[in-house]
Amino acid sequence: MACVVFVYPEMRLRGEPVSSSRIRQLLTGGEIGKARHLLGRPFAILSSPAKGRGYGSRYTVPTINLAPYSELIPKNGVYVTCTRVAHETFESVTNVGTRPTFAGESFAIETHLLNFHPLDLDEHTEVEISFLKWLRPEIKWPNVEALKAQIRKDVKKAKRFFALNSSFAS
């Protein structure tokens, strides 16, 4: 019995090669828009919630921290995202990185839900974060007040992003 092998030419989309290597390169470089274009959908990660250090609730804004995640993640930074918690989807802002403003830096993926309401979360709740736009790199701020001021700006930019996109959709 003979085995037939078909060789297909490299797929290109508007001059860009479409390959898993190229998409990984774009994601790790923070080029979410280009990766989304090649994927045909937003890049997303699926995980579950984990207990954080409480900085968000205590000092800045409440966040959902993801359990340790060992798959592909985008470049450290702040992103406009959509976050699905169980069966409900929220507009959100997500930080990927080490939270350098706080002592004892440690890696985390944490998301702030813009239209938050209390949720019942446990370690089995499915959380999916879809990355829509890269806002800025992660920065070590001189104090928590400076970080809070920047988060307010990030939230404002995210709300503008969603408002502009909803006007295009209607």
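Thresholds, definitions, all that
Residues numbered from 1 in each chain as written. Predicted model: local features only at pLDDT ≥ 70, side-chain atom pairs only at ≥ 80, totals over all residues. Heavy atoms only, no water. Phe/Tyr/Trp six-rings, centres within 6.5 Å; stacked < 30°, edge-to-face > 60°. Helix = DSSP H or I, 4+ residues; strand = E, 2+ residues; numbered from the N terminus. Buried < 20%, exposed > 50% of the residue type's maximum accessible area, 1.4 Å probe, protein only. Core = buried A, V, L, I, M, F, W, Y, C linked by side-chain atoms within 4.5 Å. Contact = heavy atoms within 4.5 Å. Pairing = 2+ DSSP bridges. Salt bridge = Lys/Arg side-chain N within 4 Å of Asp/Glu carboxyl O. Patch = residues over 30% accessible without salt bridge, like charges linked within 9 Å, V, L, I, M, F, W, Y side chains within 5 Å. Areas by Shrake-Rupley, 256 points an atom, 1.4 Å probe, with all protein chains shown as cover. Arc of directions from axis to C-beta.

K.L.:
An account of the packing of aromatic side chains is requested, with residue identities and associated values reported.
P.N.:
One pass over the structure, following the stated rule, counts 3 aromatic pairs. Ring geometry for Phe43 versus Phe131: centroids 6.1 Å apart, planes at 35°, classification tilted. Here Phe43, found in strand β3 (residues 43-47), pairs with Phe131, found in strand β9 (residues 127-136); they are 88 residues apart in sequence, far enough to count as distant. Each member of the pair Phe43 and Phe131 is classed as buried.

K.L.:
Account for the nonpolar core, naming residues and giving values.
P.N.:
By size, the foremost hydrophobic cluster in this structure holds 16 residues, and its most contacted members are Leu27, Ile45, Leu66, Val96, Ile109, Ile129 and Phe131. Of all the secondary structure elements, the ones that give two or more residues to this core are α1 (20-28), α2 (32-39), β3 and β9. Apart from the residues within four sequence positions on either side, Leu66 is in contact with Ile45, Ser47, Ser48, Ala50, Ile109, Val127 and Ile129. Residues Val93, Phe102, Trp141 and Phe162 belong to the second largest nonpolar core, which totals 15 residues.

K.L.:
Please set out the environment of Val93 residue by residue, giving values where relevant.
P.N.:
Residue position: Val93 is located in strand β7 (residues 88-97). Spatially, the C-alpha atom of Val93 lies 9.5 Å from that of Lys157, the residues being 64 residues apart in sequence. Contact partners of Val93, with chain neighbours within four places excluded, come to Val78, Tyr79, Thr81, Glu110, Thr111, His112, Leu114, Asp154, Val155 and Ala158.

K.L.:
Give a description of the pairing of β3 that names residues and reports values.
P.N.:
Across the two faces of β3 the burial differs, with Phe43, Ile45 and Ser47 buried and Ala44 and Leu46 not buried at all. As defined by bridge partners, β3 adjoins β9 across 5 bridges and the pair is classed as antiparallel. From the neighbouring strand, Ala44 faces β9, where its bridge partner is Ser130.

K.L.:
Outline the pattern of salt bridges, supporting the account with residue identities and numerical values.
P.N.:
The final tally for this structure, using the stated rule, is 5 salt bridges. Across the salt bridge formed by Glu128 and Arg84, the nearest N and O atoms sit 3.3 Å from each other. A residue pair is termed long-range when its members are at least 10 positions apart, and Glu128 in strand β9 and Arg84 in strand β6 (residues 77-85) qualify at 44 residues. For Glu128, a relative accessible area of 25% corresponds to the partly exposed category. Glu145 is the salt-bridge partner of Lys148, the closest N and O atoms lying 3.6 Å from each other. With Lys148 and Glu145 both in helix α4 (residues 144-169) and 3 residues apart, the pair spans about one turn of that helix. The network of salt bridges with common partners includes Arg84, Glu126 and Glu128.

K.L.:
So what's going on with a nonpolar patch on the surface? Residues and values would help.
P.N.:
Judged by side-chain polarity, Val4, Phe6 and Tyr8 come together as a nonpolar surface patch covering roughly 430 Å² of accessible area. As for its placement among the helices and strands, Val4 is situated in the segment before β1 (12-13).

K.L.:
Tell me about α1, and name the residues and values.
P.N.:
Since the α-helix packs 3.6 residues into each turn, any two residues three or four apart lie on the same face. Among all positions of α1, only Arg22, Ile23, Leu26 and Leu27 are buried. In an axial view of α1, the angular spread of the buried residues amounts to 135°, which keeps them on one side of the axis. Buried residues along α1 sit in contact with β2 (16-17), α2 and β3. Following α1 by one or two positions, Gly30 adopts a phi angle in the positive range, close to 80°.

K.L.:
Could you give an account of α2, naming the residues involved and the relevant values?
P.N.:
Buried within α2 we find Ile32, Ala35 and Leu38. Taken around the axis of α2, the buried residues stretch over an arc of 130°, which confines them to a single face. On its buried side, α2 packs onto β1, β2, α1, β6 and β9.

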